[in-house]
Each structure stands twice: as structure tokens, then as C-alpha cells.
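As a plain string of letters, each chain reads:
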Amino acid sequence: MITLSGLNDKQREAADTIEGPVLILAGAGSGKTRTLTYRIAHMVDNLHIPSKNILAVSFTNKAAKEMKERVHGLLGRSRSKGLTLATFHSLGLRILKKEIEHLGYHKNFSIYDTNDQLAILREGLKRYHDEKSFKREQIQTIIGKLKNAGITPDEYADSEFFDDEDPYCHATNYLYDYYQDKLKFYNAIDFDDILLLTVRLFDKKPELAQSYSEKFKYIMIDEYQDTNSLQFDLIVHLTKMHNNLCVVGDDDQAIYSFRGADITNILSFESHFPGAKVVKLEQNYRSVSPILELANEVIKENKNRREKTLWSNKKTDKKPLLWKMADSDHEAQVVVEDIVQHQRKGKHLGDIAILYRSNTQILPFEEQLRISQIPYTIIGGQKFYEKKEVKDLIAYLSVIKNKADQLSLRRILNVPNRGIGMKTLEKFIEESEDTEVDLFSAMKNNSALAESRQGKIDVFTTLITKFIDVFNENTLSEGISKLVEDIKYIEYIDKQYDSVKQAERRRNDIFQFIDSAKRFEEFFKDGATLTNFLEKLLLQDSQDPRDKEDEDDDVRTNEVTLMTLHSSKGLEFDTVYLVGLEEELLPHKRSLQEGNVAEERRLCYVGITRAQRKLVMTYCKERKIYGNNVTRHKSRFINDLDKSGFFVEQDRESFGHLGSEEEIKEYKSNFFSGLMGLLNEDAQDKEED
DNA sequence: TCGTCCGGCGTTTTT
DNA sequence: CGCCGGACGA
């Protein structure tokens, strides 16, 4: 028997309302995950709802995993068996893997990421007249928006999105069609397609939608403020048979509109689902009250939001601080100096985060942290699978799985060097397009080339064919090891880089890749197929620390965390430095141009509400932008409340954080000796090379 | 087929 | 200022 007595009244109400539509408006730090997990446990344990009828959807793997673990904690493994806790994309993919043939794709389809998308668009642009005046990134964005609006290439020209006067629309009209055609030909789908095709499948086969809706009788959606219209359509399909939909979210934390998230989904929930019950969670268990008061004050300027006022039992006299800095180097110095003080007092570095609007702000902080020898970790950035070596190997695996995957095939055709160049490739592509046979088969058929050159191609096609068997007969990691050996990939890497260190790092990536395959096998046993592995790699999020895979957990947690405001959503830290609170940075220049200041304000709100006890905000008088110094102004988000007493402003210019001349001198000399130490280290690095 | 030089561009990015 | 991508030459 699960008791809900540990929840507060509102949380309990939310966890105990099971039938019909429910909207839980969960303010930052209000115990949303706790409420959701108790709700699930309550349904299974007390109400005896079969776990297989429950579906909970979140946005990230991390959130899904956390929810899974916490439900396990409440129910134990055996009783939580059968629950479906997924992300939108993993759910869609699960459905497509069974049903995609209804849409004319083969079951061994590949999944393409942003880079793959751009590669196709590049070629499309080459065929389009006046190619130079269009940027493929922009076209890609538009196509993404069209997909998320559910508009097909055929429909585009007649849609509201098409403007006959706009040359971009004409280019998009051509390219969208071209792009979708290629995907189909390569038997590939992109991230947006995962949702789009699932919805389309349900549109086309209502009886299928119905059967899924009957299976998932109780549905919960986390971070509902970030859903887009496709996800909404999917939810409508899945709830059609019962209307048992519980969504959780906070409109004040909607920060992904640039990815198509539609805040009206949460704002208009009651009109989309009549009879909905709305529960507000406003008690915050995370932050001390001065931080919440500031947060409330900042966000209340936004119009068109659901009124919420967070409150906390945690009282303190200490107000949030606002530090005025000279420039970005100074900003980093002062912040890191403050962190050093923390460390001296024995505070745990894992409780500290530096949050910023844009990745361009990282550099000075990284420098200062290194000089002061403070361990740190940067969240986000390059994903593991985006490293060149890993991508090469993934491309091999992709082709072995799906021979029609032309993009992957082209990536590896001459990697390592097989003496097959563009000329040869082009001939075969032409052949492939003319005969509507996939590129691999065209190469195997050997009709485009003279005998003499065909030899090199045969080596390649034989290799791939051979490895289809190798992967059938061996485990995943064995297969990959054999592949690396067979193509002499390590030797190839060593040749590519003259720096020993670089080659070493690349080699390491490869071994790490094989290791990750091993771990995958250990975890999934018989489920560790090539297909599942590739899927996991592509859908895995980038919220793991960069380059830190090998370290122990306790080492890892005693590090200062650096990340963007976007990445920080859902997390909390004892101490938060919210840096660069300047006009044109937060709010960002581009958002100002586009007139989306409300979202920037929410971003600021998210940053403030990450802090549990200590919040320090900073801005600079001057900042280097693309090489030149530019005068900066305090962000409107705090400037508006200047004299209101919600925070204390301190001038930290000219080493103002230190007392006497003596101290300043000492600080500077420490700073420079730190710098020299670094230079020496670099020199040593070079010697090793 | 590969390396080098020049020009343009520069936000966030759960999958 | 620094990175990336395209163009062009050896």
C-alpha cells in the first residue's frame, strides 16, 4: 500500500485525480516528479490499474530514466514491470518499428540527424538555380517547422506558410520535395519524421490509433509547456478512447519555442480538453524565499501567463547579489575567486553552477577555473556520437544495417583510403538514380565502370556483405572490433594526425565506442542488436559531461558545473552564478530582433529558480564582441527592479572584491604565476608530441 | 586528391 | 577574434 500522506494537499490532489483530463501547473521546485511518481505508484498499488495500461512521456532520456528509478523505488521492480516510461521520440520509434511498412518504408530504416539533413540539402541546393543566395541551415529550419505543422511537400505551395513573393519559399518548395524524396530513397527518416510519421500513420490507420489508445488507458505528459503541435496531435490520437490525460508543466518555464514548442498547448489546455481539472503547485521546496521573491518579481512582467506565486518555508536575510564587473575576464576572475573562497570553507564544488545564455561566454570562465585549479565540467556541447571517428564507425554500422543509406555509404566509401574518388562515386550515383536502384546495389552490379577500376569497388562491397554475416554471427562489440581491425582503422587514424596526443585521443574515442557497445550488451543481453544500438546512439541526449566518461562518480560530482540556461532546466544547485545579465545577451540580441522578449524573461526566471541558497548575478560594463570592446547595459530584467530591494548590487570593478593594495598585488601575482604554470604545461604537451 | 588560403559569420537545441 | 566551409592550386 502506497501512502500519499508524504505529499502536500495540492500534490495529493494531483496524485489522486486519475480519471479525465488533469493539468498540474507545477512551479519550479514544487515537487513535480515526486507528485508524478506517487501518482503512478498509487494507480498501480492502490487502484490496481494494470501497469501495462500506463504511459508516461517526458522529453529527455534523463528525465525518463529518473522517473523510472523513482517509480522502482516506490513499487519495486516487479510491480513496475510493464509500465511504459518513454520520450516522445522513443515512443514514436517503437510504434514505427512495428508499423512503418504501412507508410512505404522498410523496417531497417536509418535515422538521420541534423548533419545528415544538411548534407542532403547541400546537394539539393546545388541543383537549384541561384544556389548561393540561400542558406541551407535556414531551409532546414523551415522544413522542420513545416513538418511540425504537419504539412507535406505537396501541400506546401498552397499553405499559409508559402509566400509567392518570397524567393526563400520557392527554394524551400523545391528543396522540401527533393529532401523528402532522398530520404525515402535512402530508406531514412529524420528526427521530425519520427513524430510526423507516427501521427500520419494514425491518421491513415485510425484502427491502429485506437488499439494504442486502448492499450495506454492512462497517459501522463511531463514538461507539457514544451510540446509542439505534432506531439499534441499524437496525444489526441492516444487519448481518443478514454481522455485520461494528465499533463504537468509550467508555462513560465517554456523556453523551447525556437524548436517549435507551442506554449498555447498548456495555456489552452481546458479548451482542448473540456472538463479538465487544474491543480497548482506553488509551494517551493528548493529555494530560500528571497530568491523566490526575486523570481516572482521578474516573471510577473510577462503577460499571457497563468498566475502563480511561488512561496517557501526557507527563510533567510541574505538577498541575491548583483555584481557589476569591468569586462568578461574580470567577471570570470571575480566569480572564480568567490568559488575558491567556497572551496576553502570546505564547500562541495558539485553544489555550484555557472549559468550563461550563450556558449560564447564559456571561455574566460574555463581559463580562470584552470588557473585556479578548480575542477569543472561543461554540460552540453559535442555529443559523443558526433565525433568524427565515432561517426565513421556508425556510418559503417548503418550501411551494414541498411544498404540504401547512401549518406553513410558515401561517408565511408573512401575511409580509410581505398582510392575511390568523387569521379567514380558520381558515376555510380548517376547510375543509381537512373535505374532507381540503391547506390550499393549499383556498385555491386558493376555496370558503370571499366573492369580495371571495378576492383576497388568490389573490395568495398565484399567487405560490407561480409560484415552483414559477421554481425549476425557475433555479438555487437565483437563485430565492431572485427570491423575496426579489418579496415585497419586505428592505423588510418594514426596516419591522419601528426600530433601523437591527438591521435591518442581519437584512438581513445574508438575504444570508448567499443566499450559502450559492450556495456550495451551487458545491459540489454539479447536485445543488443545492431538496430537497437544505433537507435540508442542517435536518440541519446548530450546532457552527459564532456569527456568525463571514465571518471568515478564521486570525482565527477565534486566539480563546478558550467552550462547554458537551457540545459539547466529541471536541475538545482546550492549556489548559482547567473552571469552576463546584459541587454543583447539576456535578452539575446536575436530575440530582441524577433520580438520574443517574453521567452528570454522566462529563461532568466529558469536561471534564478535553479538556486537553492545563494544566487549571484553579474553584468559587465564592457565586453569583447567578435574582437572589439563594446559598452554594455544591465539587463532590463533586473534593471526594472533596481531600487526595489529584491537584490543587493555591488560594484566589483578594479578588483573591488579584495581589500588593500597588498591583497591586490598578491592576487595579481598569483594570477600571473598561475598563467605561467599553464604556459609551461602547454610547453610540456608540445614536447610529448 | 589533398592541402591551404580566404571570406563570412557568430543563440539557445530535450530528440 | 576564431571557426568553418568553399574555392582553387600543386
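Since the structure is predicted, the reported quantities are computational estimates derived from the model, not experimental observations.

Asks: How do you make sense of the sheet that holds strand β11 (residues 376-378) when you look at a structure like this?
Replies: In any sheet, the strands associate via hydrogen bonds between backbone groups, in a parallel or an antiparallel arrangement. Spatial strand order, β11-β12-β10-β13-β14-β9-β17: 7 strands in an open sheet with parallel pairing. Where the open sheet ends on each side, the last strands, each with one partner, are β11 and β17 (648-651). Ignoring strand direction, the axes of neighbouring strands in this sheet form an average angle of 20°. In the packing of helix α16 (residues 328-344) onto the sheet, the strands contacted are β9 (321-325), β10 (352-356), β12 (560-564), β13 (573-578) and β14 (611-620), and the crossing angle to β14 comes to about 155°.

Asks: How should the side chain of Thr239 be read in this particular structure?
Replies: Residue position: Thr239 is located in helix α12 (residues 229-239). On the basis of relative accessible area, Thr239 is assigned to the buried category, the value being 2%. Once residues within four sequence positions are removed from consideration, Thr239 is found in contact with Ser213, Ile219, Leu245 and Phe273.

Asks: Is there a simple way to think about the sheet that holds strand β6 (residues 218-221) in this case?
Replies: What the 6 strands build is an open sheet, ordered β3-β2-β6-β7-β1-β8; its pairing is parallel. Looking along the sheet, the strands with just one partner apiece sit at the ends: β3 (84-87) and β8 (277-281). Between one strand and the next, the sheet's axes are offset by a mean angle of 15°, whatever the strand orientation.

Asks: What exactly am I supposed to notice about unusual backbone geometry here?
Replies: For residues that are not glycine, phi is negative in most cases, and the peptide bond is trans in most cases. In this structure, the amide linkage connecting Leu586 to the following residue, Pro587, adopts the cis form with an omega of 5°. With respect to the helices and strands, the residue Pro587 is situated in the loop between β13 and α29 (589-594). For Glu584, which is not glycine, the phi dihedral falls at a positive 80°. You can see Glu584 is positioned in the loop between β13 and α29.

Rules used throughout
- Residues numbered from 1 in each chain as written.
- Chains lettered and ligands numbered in written order.
- Predicted model: local features only at pLDDT ≥ 70, side-chain atom pairs only at ≥ 80, totals over all residues.
- Heavy atoms only, no water.
- Pairing = 2+ DSSP bridges.
- Helix = DSSP H or I, 4+ residues; strand = E, 2+ residues; numbered from the N terminus.
- Axes fitted to C-alpha atoms, helices over the stretch in contact; angles between N-to-C directions.
- Contact = heavy atoms within 4.5 Å.
- Buried < 20%, exposed > 50% of the residue type's maximum accessible area, 1.4 Å probe, protein only.

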